[in-house]
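# What the coordinates show
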Amino acid sequence: MPQIAIVGGGPGGLFTAWHLEQLATAPIEITIFEATDRVGGKVITPRFTAAPVHYEAGAAELYDYSPVGDDPLRELVESFGLPTVALGGSRVYVGGRAIANLDDLRDAYGDRACRDLGNFDTWARSVMTPREFFASGSDHAGSAEPSGRFDTTLAALPSREIRHYLETMIHSDLATPPAATSVAYGLQNYLMNDPAYMRLYCIAGGNEQLIDALVARLAATMRRSTVVEQVGEGSADQLRLTLLGHEGRREADFDIVVLALPMDALGRLAFASGSLAAAMQRHLAHHDHPAHYLRITLLLDGPPHTPTDDDGYLMLDAFGGCCLYLESAREPEARHGVLGWLLGGAAAESMAAWSDADLVTAALATLPDPLAVDPERVLEARVHRWTGAVSSLPGGWQPLSQDQRHRPAAKTHPGLFVVGDYLYDSTLNGVLDSAEHVAGCVAAELTDHAREI
Amino acid sequence: MTAKDQDATARHDVDADSGATGLAVPGGLPTTAGLRRVMVPPGRAFDLLIVPTEGEPADSGDWIERARLWTAAPGLLPKQPAAHTAVPVLIPLYGCHVIWAPARGAVLGPTGRLDQLQVSLLEFAGCEADLADLELRCNRLLAATEGDAAAAFEFDERGPDRRAELASRFQEAVAVRRGLAALGPAVHVPPVHPPTLASQLAERLRDRTRLPERHELVTDRADFVLQIYEACGQRASEAAIARRQMGLEWAIIVILVAQLALMIVELLASRNST
Ligand SMILES: Cc1cc2nc3c(=O)[nH]c(=O)nc-3n(C[C@H](O)[C@H](O)[C@H](O)COP(=O)(O)OP(=O)(O)OC[C@H]3O[C@@H](n4cnc5c(N)ncnc54)[C@H](O)[C@@H]3O)c2cc1C
């Protein structure tokens, strides 16, 4: 029976195992190695200790592309029967002033600025239609994708206010400075605010339920608290993994190895053979462009005194642009309040060195008047530092073909595959696309192999 | 302004004189608060309470609660609100508040925002009233299909009245379906981006009252009803044709019999003469 190892028990690893189990036409044995004692990676919904209230520490929103095309993630969530909540938020606080629509924008900056935004919006849509947005990152995207750096696009805007407004609006999603962001990626982050392109949602009761649902349905063997240290060559055409777990260090050979790891973890992995190490070096050199996030989440003694709109989040111009999630707003009956700041890019990187207490003080100070919270009302604070945890291609870089992306050493080590969100758009939808692609390739190869035998 | 827009404005004609409408601004609201009575399609009166909240947050005092109670006045709410809608619907919207119930609505916010909110609310109220009317008519037809469905299989002639009755139901089903088709674009409006306050309100109102889902459901029902009455029509005309054919057959039989009789008479006469 073919032995398959999946390294990494995050969404990428679990999605790959799920698809492999669905596609396999003959018995296979899948083992998932997870370094920590929990699976799920950056999809994590912890609970506060002061009250039975949960919050999102990693991925907070899922992207719904179903109005434009196939959306495997939405389909998966629905097939598991997980209830979802739509997430919306058009308020951007700039200089303490809320701008939620064109009427607010006109009041704040006048008719000219409004026209400038209109022109930018028209241009953005003409450059990238909903279908192109949907296909971006795939082999079908073609050369139609706009190239260049996003900072030059922003610099070309006549109105300084609109530039600042747009930067604030999209910064925390980018997690990279506009100078290191491609026009295509920057535009995607602007256009994702338009429901014609996509919608946001989350899983009621926490996104980690998707992980629980997957784990409950997988037949694969789960090896938690087992770090994969090295990938080398094994007997015959197999690949050999060096594993460090409770039982100490050991080695195991596999026919196929799927590395479902984010860039930072992939960079820490050792590769025993020279050609494999060189191939992985090339893969890293192309894809490793670390971006940073930082989450500060506060549990309040009651719902925050926010204007009680339906919005699940809003944008603040603090920390170079950050997203404030009104997490308790998702649960109308919530007796506690949960406010979560998502910082991205340089601010997230530099502030990761701050103490939790300083971060909480800084976060509270960013709240504009109508949202202000008395520090006395904070029951508990949680900080999650995600330095270098994501990666995206900088402006001007051309994505590789699907096969090149997923098989870094196709000729010398055809049994080695990689799965990652960084191969697409650094989201769960992206990592699912990646997992689907690899599972399809592996299943096809196993079928061919079985036929040969 | 398109002809359709003009039509919409015309239908929103205002009778602002609260004396004439017998309405009064509820107590406890700012003195600047006003009332409008607007006719929305299909010829229903919709009362609109307008509360400027200048210099005060919209939730100051208990204005929102007073406005909500006013919109929820007894006798004005449907006995059975749509499955997912708790009426009145309260929508807080970036410093403004909008309340909608089938016969009354209220907008609270800074003066500079009230016009946009009113236009959006009235457009929605008209659309919802239209849909509610079509739902009612469709439900009546649906109930009637229970008795009429048999006629879609075999037409039981109980006099000419029955046929006329089925024909009128068919016409009503066509009218309902046509109304739903006409209403479709107003219900399934693609989201506006970048949004305006009016578009945000319209989206939230449609969303909260499940307008698109209700429209889809009633359209499905109307299609079903239409199918039944189309089949009834088919059977009824088949029965009419059959009746006509039977008459013809009898006429032919009578003629043949007469011809036969004549032949016999002729035969007997010729025998007698020989
Ligand atoms: C703060 C933040 C917010 C985000 N928000 C969103 C969002 O709103 N929407 C969205 O779609 N995406 C979001 N993302 C991205 C999303 O979390 C990732 O796309 C997704 O988690 C990628 O899954 P993965 O399995 O590739 O990596 P991970 O989730 O990082 O999982 C990798 C797993 O591998 C394990 N591992 C690492 N090294 C080894 C080793 N040597 N041996 C064995 N196991 C190992 C890790 O412990 C981990 O469990 C966000 C990310 C961050 C950091």
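Residues numbered from 1 in each chain as written. Chains lettered and ligands numbered in written order. Predicted model: local features only at pLDDT ≥ 70, side-chain atom pairs only at ≥ 80, totals over all residues. Heavy atoms only, no water.

Residue and element names in this part refer to chain A. By the alternation rule, side chains of strand S15 (residues 313–316) split into Tyr-313 and Met-315 and Leu-314 and Leu-316, which are all buried. The pairing of strand S5 (residues 92–94) with S15 spans two bridges and is parallel. Considered in S15, the bridge of Val-92 is made with Met-315. Here S15 runs beside strand S16 (residues 322–326); their pairing, made up of four bridges, is antiparallel. When the bridges of S16 are listed, Leu-316 appears paired with Cys-322. (Buried < 20%, exposed > 50% of the residue type's maximum accessible area, 1.4 Å probe, protein only. Helix = DSSP H or I, 4+ residues; strand = E, 2+ residues; numbered from the N terminus. Pairing = 2+ DSSP bridges.)

This part covers the interface of chain A and chain B. Taken together, the contacts link 20 residues of chain A with 14 residues of chain B. In this assembly, chain A packs against chain B so that about 1500 Å² is buried in total across both faces, 46% of it on carbon and sulfur atoms. Run the count over chain A and chain B and you get three salt bridges. The salt bridge partner of Arg-113 of chain B is Asp-104 of chain A, with a shortest N-O separation of 2.7 Å. At the surface where chain A touches chain B, the tally comes to 12 residue pairs in polar contact (both at pLDDT 80 or more). (Contact = heavy atoms within 4.5 Å. Buried area = accessible area lost by both parts, 1.4 Å probe. Salt bridge = Lys/Arg side-chain N within 4 Å of Asp/Glu carboxyl O. Polar contact = N/O pair within 3.5 Å; in protein donor to acceptor, adjacent residues only side chain to side chain.)

The next thing to look at is the site of the ligand. Residue and element names in this part refer to chain A. Near the ligand there are 32 residues, and of these Gly-12, Glu-34, Glu-61, Asp-421 and Leu-428 occur at the shortest range. A distance of 3.0 Å is found between a nitrogen atom of the ligand and a backbone nitrogen or oxygen belonging to Ala-35. A distance of 2.6 Å separates a nitrogen atom of the ligand from a polar atom in the backbone of Glu-61. Starting from 990 Å² of accessible surface for the ligand in isolation, the protein chains cover 93%. If you list the elements that add at least two residues to the shell around the ligand, you get helix H1 (11–23), strand S9 (227–233), strand S14 (290–300) and helix H14 (428–452). Of the domains in this structure, domain 1 (3–42 + 206–289 + 395–452) and domain 2 (62–203 + 290–391) are the two that each give at least three residues to the shell around the ligand. (Near = heavy atom within 4 Å. Areas by Shrake-Rupley, 256 points an atom, 1.4 Å probe, with all protein chains shown as cover. Domains from an automatic or database assignment.)

Evaluation of the coordinates by the stated rule reveals 29 salt bridges over all chains. Each member of the salt-bridge network shares a partner with another, and the members are Asp-64, Arg-74 and Glu-78 of chain A.

On to the pairing of S16 of chain A. Residues and elements named next belong to chain A. With five of five residues buried, S16 lies mostly within the body of the structure. The two faces of S16 match: Cys-322, Leu-324 and Leu-326 on one face and Cys-323 and Tyr-325 on the other face are all buried. The antiparallel hairpin formed by S15 and S16 contains five residues in its connecting segment, where Phe-319 sits at a positive phi of about 55°. In this sheet, strand S17 (residues 337–344) lies alongside S16 in antiparallel orientation, the contact comprising five bridges. By the bridge assignment, Cys-323 is partnered in S17 with Leu-342.

Residue and element names in this part refer to chain A. When helix H2 (residues 72–79) is considered as a whole, its buried residues turn out to be Leu-73, Arg-74, Leu-76 and Val-77. For H2, the buried positions fall inside an angular range of 160° around the axis, keeping them on one side. Residues of H2 that are exposed and point more than 90 degrees away from the buried face comprise Glu-78 and Ser-79. (Arc of directions from axis to C-beta.)

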